[in-house]
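# Per-entry structural report
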Amino acid sequence: LTCDHAMKAFEEMVRLLMGEDTIQDEKVMSGNPLTVLGVTVAVEHGKVSLWPEETKAKKWLGQVNEALRTNKLTSSDAATLAGRLSFTSQHAFQKIGRAPLRPIFAQKHSPIKGDRVTERLRKALLWWKKFLEEPRKRTVNLNTDKERVHVFTDARSTPPRLAAVMEIEGELHYTDMQPTTTHMRLMRERSDNQIMALEMMAAIFAIQSFPEQFRGKTVFIWIDNSAGQGAFNKGASKQDDHNGLCHTLWHLAAELDMEVYATRVPSELNIADLPSREEYQDLIQRGAVWVPPQLCLTDSNQFPVY
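Residues numbered from 1 in each chain as written. Predicted model: local features only at pLDDT ≥ 70, side-chain atom pairs only at ≥ 80, totals over all residues. Heavy atoms only, no water.

Here the focus is the environment of Pro293. Structurally, Pro293 is set in the segment after strand S10 (289–290). As a C-alpha pair, Pro293 and Leu162 span 131 residues in sequence and 9.5 Å in three-dimensional space. Residue contacts for Pro293: discarding those within four places in its chain leaves Thr175, Asp176, Met177, Phe205 and Ser209. (Helix = DSSP H or I, 4+ residues; strand = E, 2+ residues; numbered from the N terminus. Contact = heavy atoms within 4.5 Å.)

In structure tokens form, the structure reads like this:
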């Protein structure tokens, strides 16, 4: 009752200062759970849960299905859809939806003739279709800090090699591998010998090689490539292949219930530089344990549909 009274008092004050039509009655809410711009927030026993509000998710899904059915998405519709999905993905699910938003924002700013849905946009819409059909619910425990794990990642461009060194409970574990021809074909040809893409791939390689050590943890990924670090923290990139790698990392984070932070480390302090250059003696002397490498990537231009 106190909460309802306070909300009504605030509502009347806003209308008095800014006009009677400033706030719609259906927009004034209080209590638990509470829906904010399409995201439902519930607080219970020291936990906060967030998920897309059901009616909003169905509405957005209808827009996505219509664009897929007609093979058309106007600039104005793309702007509306992107804005709604952007808030939802950012505040409820870390960065998991940021990469598939890029093609929708592109349709807003630079639609092709006839507002036709491109193949890139179609893949993004298919990902959002699946996501909205089975919305994810994220729960954060406010009373318990997740255990922290640190992993250093590195890549070499010529010849290409990926490496990761994980520190957990005072012990070191490391792994390294040469990416396959199939892996390399996922990336665009560039004059930098793909070093940024390889550095990003090394972070994904680390998660896939140490999944159980990372599950349910707070994971700090130490990377010495500033551009790759920035792309991960944004959750998206203007380049299609980098964008796909961003999405893969945040998809893995959601699957493993990880909190992820991509953090900069100077190259000279990056211990993963050793296995990326196939220098192992120092790691062996420190008692580091080698772990078999794992790397499974599909076409990084294609957003995984799950």
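Our next topic: the packing of helix H2 (residues 54–70) against helix H5 (residues 119–133). Across the interface, H2 lies against H5 with an axial gap of 9 Å and an inter-helix angle of 150°. Relative to H5, H2 is oriented roughly antiparallel. Here the hand of the crossing between H2 and H5 comes out left-handed. Contact with H2, carried on its side by Ala57, Trp60, Leu61, Val64, Asn65, Ala67 and Leu68, involves Arg122, Leu125, Leu126, Lys129, Leu132 and Glu133 of H5 and no other residues of that element. (Axes fitted to C-alpha atoms, helices over the stretch in contact; angles between N-to-C directions. Parallel < 35°, antiparallel > 145°, perpendicular 65-115°, else oblique. Left-handed = near helix turned anticlockwise from the far one by under 90°.)

Turning our attention to unusual backbone geometry. Excluding glycine, a negative phi dihedral is what most residues carry, and trans is how most peptide bonds are arranged. A cis amide bond links Thr158 to the next residue, Pro159, at an omega of -15°. As for its position among the elements, Pro159 is in the loop between strand S5 (148–157) and strand S6 (160–168). A positive phi angle, near 55°, is found at Glu169, a position not held by glycine. Within the fold, Glu169 resides in the loop between S6 and strand S7 (171–177). Look at Asp257: it is not a glycine, yet its phi comes out positive at around 55°. Take Asp257: it is sitting in the loop between helix H10 (240–255) and strand S9 (259–264). When its relative accessible area of 44% is taken as the criterion, Asp257 is described as partly exposed. (Buried < 20%, exposed > 50% of the residue type's maximum accessible area, 1.4 Å probe, protein only.)

Between its first and last C-alpha atoms helix H7 (residues 195–209) spans 20 Å; for 15 residues at 1.5 Å apiece the expected length is 21 Å, and the two agree. Taking burial as the measure, the 15 residues of H7 include 14 buried ones, the bulk of the element. (Expected span 1.5 Å × (residues − 1).)

Here we take up the side chain of Glu199. Among the secondary structure elements, Glu199 is positioned in helix H7. Arg264 provides the closest opposite charge to the buried, salt-bridge-free Glu199, at an N-O distance of 8.1 Å. Within the local environment of Glu199, its side chain forms a polar contact with the backbone nitrogen of Ala155, the two atoms lying 3.4 Å apart. With near-sequence residues (within four places) excluded, Glu199 lies in contact with Thr153, Asp154, Ala155, Ile223, Asp224 and Asn225. (Lys, Arg positive; Asp, Glu negative; His and termini not counted. Salt bridge = Lys/Arg side-chain N within 4 Å of Asp/Glu carboxyl O. Polar contact = N/O pair within 3.5 Å; in protein donor to acceptor, adjacent residues only side chain to side chain.)

Bringing the nonpolar core into the picture now. Counting 41 residues, the largest nonpolar core has Val151, Phe214 and Leu249 as the members making the most contacts within it. For this core, the element with the highest residue contribution is H7, accounting for eleven residues. Residues in contact with Val151, not counting those within four places in the same chain, are Ala164, Val165, Met166, Ala206, Phe210, Phe214, Val219, Phe220, Ile221 and Trp222. (Core = buried A, V, L, I, M, F, W, Y, C linked by side-chain atoms within 4.5 Å.)

At a closest axis distance of 8 Å, the pairing of helix H4 (residues 98–109) and H5 adopts a crossing angle of 125°. Considering the angle they form, H4 stands oblique to H5. Remark: the crossing between H4 and H5 carries left-handed chirality. When H4 is examined against H5, the residues Pro100, Leu101, Arg102, Pro103, Ile104, Ala106 and Gln107 are found in contact with a partner set consisting of Arg120, Leu121, Ala124, Leu125, Trp127 and Trp128. Grouping the amino acids of the contact of H4 with H5 by side-chain chemistry returns ten nonpolar, one polar and two charged. (Nonpolar A, V, L, I, M, F, W, Y, C, P; charged D, E, K, R; others polar.)

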